[in-house]
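Architecture and fold: a report
Here are the chains, one letter per residue:
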Amino acid sequence: MPGDVSRSTFSKLRHYRAVRKQQGRVGIDADWNEQADITAHRFDTEALDLVGRYGVPKDNAGFGLSVVNNVPVISAGRAYVDGILCENEGDALALTAQPDLPNFQLPATAGRYLAYLDVWEREITALDDPNIREVALSGAGTCTRRKTVWQVKLLVADT
């Protein structure tokens, strides 16, 4: 992890629902982070249980592929992969212009390809995104962020 965290205390096997702050006690990052992990685990598990391994909303399905002016594009909307919410706000986003897949090139060989959505989380520090620095503390970095990264990739399909 690039962030400077003291320790990670979350375990889904404990079945904790919340972290409760006690008055007059020292506050540490591990407690704050465990609460965030408890909440994320709940959201992801709930989405996985309700949606399944993958799915899209009926009225705002995202990540459909089409061709506009001979350019493959990804539709705006939402999708869930393993309980993780993925959002594409870029309407008709060119496959080669994905924000988290720089320099993506379309295959040079004609053929049949399977498109799939690759999803994971990435930790973001103030070095990655200067906007998370705290201006009230002269630009000090205070916390990291967890970002959902998605990439539409192509795989050669057997013919």
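Residues numbered from 1 in each chain as written. Predicted model: local features only at pLDDT ≥ 70, side-chain atom pairs only at ≥ 80, totals over all residues. Heavy atoms only, no water.

1. Concerning the pairing of strand 2 (residues 65-68)
Walk down a regular strand and you will see the side chains alternate between the two sheet faces. Alignment of strand 2 against strand 3 (residues 71-74), held across four bridges, turns out to be antiparallel. Considered in strand 3, the bridge of serine 66 is made with valine 73. What sits between strand 2 and strand 3 in their antiparallel hairpin is a turn of two residues, with asparagine 69 showing a positive phi close to 55 degrees. (Pairing = 2+ DSSP bridges. Helix = DSSP H or I, 4+ residues; strand = E, 2+ residues; numbered from the N terminus.)

2. Describing the sheet that holds strand 4 (residues 77-81)
Here we have three strands laid out as an open sheet, ordered 1-4-5, and antiparallel in their pairing. On the outer flanks of this sheet lie strand 1 (54-55) and strand 5 (84-88), each paired with one strand and no other. Note: strand 4 against strand 5, five bridges, orientation antiparallel. Residue tyrosine 80 lies in a different strand from strand 5, and its bridge partner there is leucine 85.

3. Details of the side chain of glutamate 34
Tracing the sequence through the fold places glutamate 34 in helix 1 (residues 29-51). Summary of buried charges: glutamate 34 has no salt-bridge partner, and the nearest side chain of opposite charge, arginine 14, is 4.4 Å away. Excluding anything up to four places from it in sequence, glutamate 34 contacts Thr9, Phe10, Arg14, Tyr16 and Val19. (Buried < 20%, exposed > 50% of the residue type's maximum accessible area, 1.4 Å probe, protein only. Lys, Arg positive; Asp, Glu negative; His and termini not counted. Salt bridge = Lys/Arg side-chain N within 4 Å of Asp/Glu carboxyl O. Contact = heavy atoms within 4.5 Å.)

4. Quick look at the environment of glutamate 134
One can find glutamate 134 in the loop between strand 7 (113-124) and strand 8 (145-156). Given a relative accessible area of 32%, glutamate 134 falls into the partly exposed group. Residues glutamate 134 and arginine 112, 22 residues apart in the sequence, show an inter-C-alpha distance of 49 Å. Apart from residues no more than four positions distant in its own chain, glutamate 134 is found in contact with Gly139, Ala140 and Thr142.

5. Some words on the nonpolar core
Within the largest apolar cluster, 13 residues are counted, with the highest numbers of intra-cluster contacts made by Phe63, Ile74, Cys86, Leu95, Val119, Trp150 and Val152. Among the elements of the structure, strand 4, strand 5 and strand 8 are those that each provide at least two residues to this core. The residues touching leucine 95, leaving out its near neighbours within four places in the chain, are Leu65, Pro72, Val73, Ile74, Phe104, Leu106, Val152 and Leu154. (Core = buried A, V, L, I, M, F, W, Y, C linked by side-chain atoms within 4.5 Å.)

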